[in-house]
Amino acid sequence: MGILDVHILLVEDDLSIADSLREGLIRYGFDVDHVTTGSAALAADNPDVVLLDLGLPDMDGLDVCRRLRSHSAVPIIVITARGDEVDTVAGLEVGADDYVAKPFGVREIIARIRAVTRRTSATAQDTEGRLRVGSVEVDTAARRVFCGGEEVPLAPKEFDLLSTLVERPGTVLTRESLIDTVWDTHWFGSTRTLDVHVAALRQKLAGSLTITTVRGVGFRLDRS
């Protein structure tokens, strides 16, 4: 998907922010529709990316995100107030792919858009249950990982963690969601366990994949 093919749905009720952002995105070649309410966002036709402000006049932006995600895999980037970590984490937990904090520049937004659209186009899953990101292939059926054609031995939880990250490359996954998925929703052990497994994957897949730490939130998988 080229940059000129990306149709953006901007959901923002602050007209001064919306007008400036819409103008900047159009200048860079994006097709942009702007709505000011959650209900209008839910009624929009098949955008490629949604930029979603959480402070909407008619409904909670988190509810909009949750409802969009319930029926669509469209990449969602939430817009939050600077330093509002609670809303940031909540947005990611209900299905947002990334977030940007106000105030922000158009170039930052474009970088986030490129990242989430790259995720959409870069991940391929064939009928045999293989996931690929860059030179790394994860065979979910056989529980085997290959990097450049060579098998990489992983411990069981390392495999589970990598599989979870590879399913949504370029997406920030919260620490809580990773622990719930890879370990258990009732896990009471130290969250340090997650950091240990991330460190092991970084070492074993160095040069092929990068697992980026997003401070206070979680981790994001990127192609090196």
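See the structure above.
### Here we look at the sheet that holds strand E12 (residues 209-214)
To summarise the sheet geometry, strands pair through backbone hydrogen bonds and adopt either a parallel or an antiparallel arrangement.
Right, on to step 1. Strands sit in the order E11-E13-E12 across an open sheet of three strands; the sheet is antiparallel. Each edge of the sheet is formed by a strand with only one pairing partner; in this case those strands are strand E11 (172-174) and E12. Strand after strand, the sheet turns through a mean of 30 degrees between neighbouring axes, direction not considered.
Right, on to step 2. As defined by bridge partners, E12 adjoins strand E13 (residues 218-223) across six bridges and the pair is classed as antiparallel. In the sheet register, Thr212 faces E13, and the bridge partner there is Arg220.
Right, on to step 3. Sheet strands touched by helix H8 (residues 192-204): E12 and E13. Its angle to E12, the strand with the most contacts, is close to 150 degrees.

### Quick notes on the packing of helix H6 (residues 156-166) against H8
Right, on to step 1. Running from N to C, H6 and H8 cross one another at 80 degrees; their axes reach a closest spacing of 10 Å. Between H6 and H8, the crossing angle belongs to the class labelled roughly perpendicular. For the pair formed by H6 and H8, the contact residues are Lys157, Glu158, Leu161 and Leu162 on the first element and Leu194, His197, Val198, Ala200, Leu201 and Lys204 on the second.
Right, on to step 2. Taken together, the residues that form the contact of H6 with H8 break down as six nonpolar, one polar and three charged.

### A short note on the pairing of strand E9 (residues 144-147)
Right, on to step 1. Burial of E9 is one-sided: the residues Val145 and Cys147 facing one way are buried, the residues Arg144 and Phe146 facing the other way are not.
Right, on to step 2. Note: strand E8 (residues 136-139) against E9, four bridges, orientation antiparallel. Each residue of the ladder has a partner; that of Val138, found in E9, is Val145.
Right, on to step 3. Bridge analysis of E9 against strand E10 (residues 150-151) gives two bridges, and the strand direction is antiparallel. Counted as the bridge partner of Phe146 is Glu151 from E10.

### Brief notes about the pattern of salt bridges
Right, on to step 1. Across all of its chains, the model carries 15 salt bridges by this definition.
Right, on to step 2. Arg112 serves as the salt-bridge partner of Glu108, at 3.2 Å between the closest nitrogen and oxygen. Here the residue Glu108 and the residue Arg112 both occupy positions in helix H5 (residues 106-122), the gap between them amounting to four residues, near one helical turn.
Right, on to step 3. The class for Arg112 is partly exposed, based on a relative accessible area of 23%.
Right, on to step 4. Among the charged side chains, a network of salt bridges with common partners joins Arg130, Arg132, Glu137 and Asp139.

### Looking at the packing of H6 against helix H7 (residues 175-182)
Right, on to step 1. Interhelical geometry of H6 versus H7 gives an angle of 125 degrees and a closest axis separation of 10 Å. The angle between H6 and H7 places the two elements in the oblique class. The two elements H6 and H7 meet at a crossing, and its hand is right-handed. Facing Lys157, Asp160, Leu161, Thr164 and Leu165 of H6, the residues of H7 in contact are Leu178, Thr181 and Val182.
Right, on to step 2. Its residues assigned to classes, the contact of H6 with H7 shows four nonpolar, two polar and two charged.

### Observations regarding the sheet that holds strand E2 (residues 31-35)
Right, on to step 1. Spatially, the five strands line up as an open sheet ordered E2-E1-E3-E4-E5, and their pairing is parallel. Sheet topology places E2 and strand E5 (98-102) at the edges, where each strand pairs with a single neighbour. Taken over all neighbouring pairs, the strand axes of this sheet differ in orientation by 20 degrees on average, direction set aside.
Right, on to step 2. For strand E1 (residues 7-11) and E2, the ladder comprises five bridges, and the chain directions are parallel. Bridge pairing in E2 links Leu9 to Asp33.
Right, on to step 3. Most of the contacts of helix H3 (residues 61-71) go to strand E3 (residues 49-53), to which it runs at about 160 degrees, and overall it touches E3 and strand E4 (76-81).

Rules used throughout
- Residues numbered from 1 in each chain as written.
- Predicted model: local features only at pLDDT ≥ 70, side-chain atom pairs only at ≥ 80, totals over all residues.
- Heavy atoms only, no water.
- Pairing = 2+ DSSP bridges.
- Helix = DSSP H or I, 4+ residues; strand = E, 2+ residues; numbered from the N terminus.
- Axes fitted to C-alpha atoms, helices over the stretch in contact; angles between N-to-C directions.
- Contact = heavy atoms within 4.5 Å.
- Parallel < 35°, antiparallel > 145°, perpendicular 65-115°, else oblique.
- Nonpolar A, V, L, I, M, F, W, Y, C, P; charged D, E, K, R; others polar.
- Buried < 20%, exposed > 50% of the residue type's maximum accessible area, 1.4 Å probe, protein only.
- Salt bridge = Lys/Arg side-chain N within 4 Å of Asp/Glu carboxyl O.
- Left-handed = near helix turned anticlockwise from the far one by under 90°.

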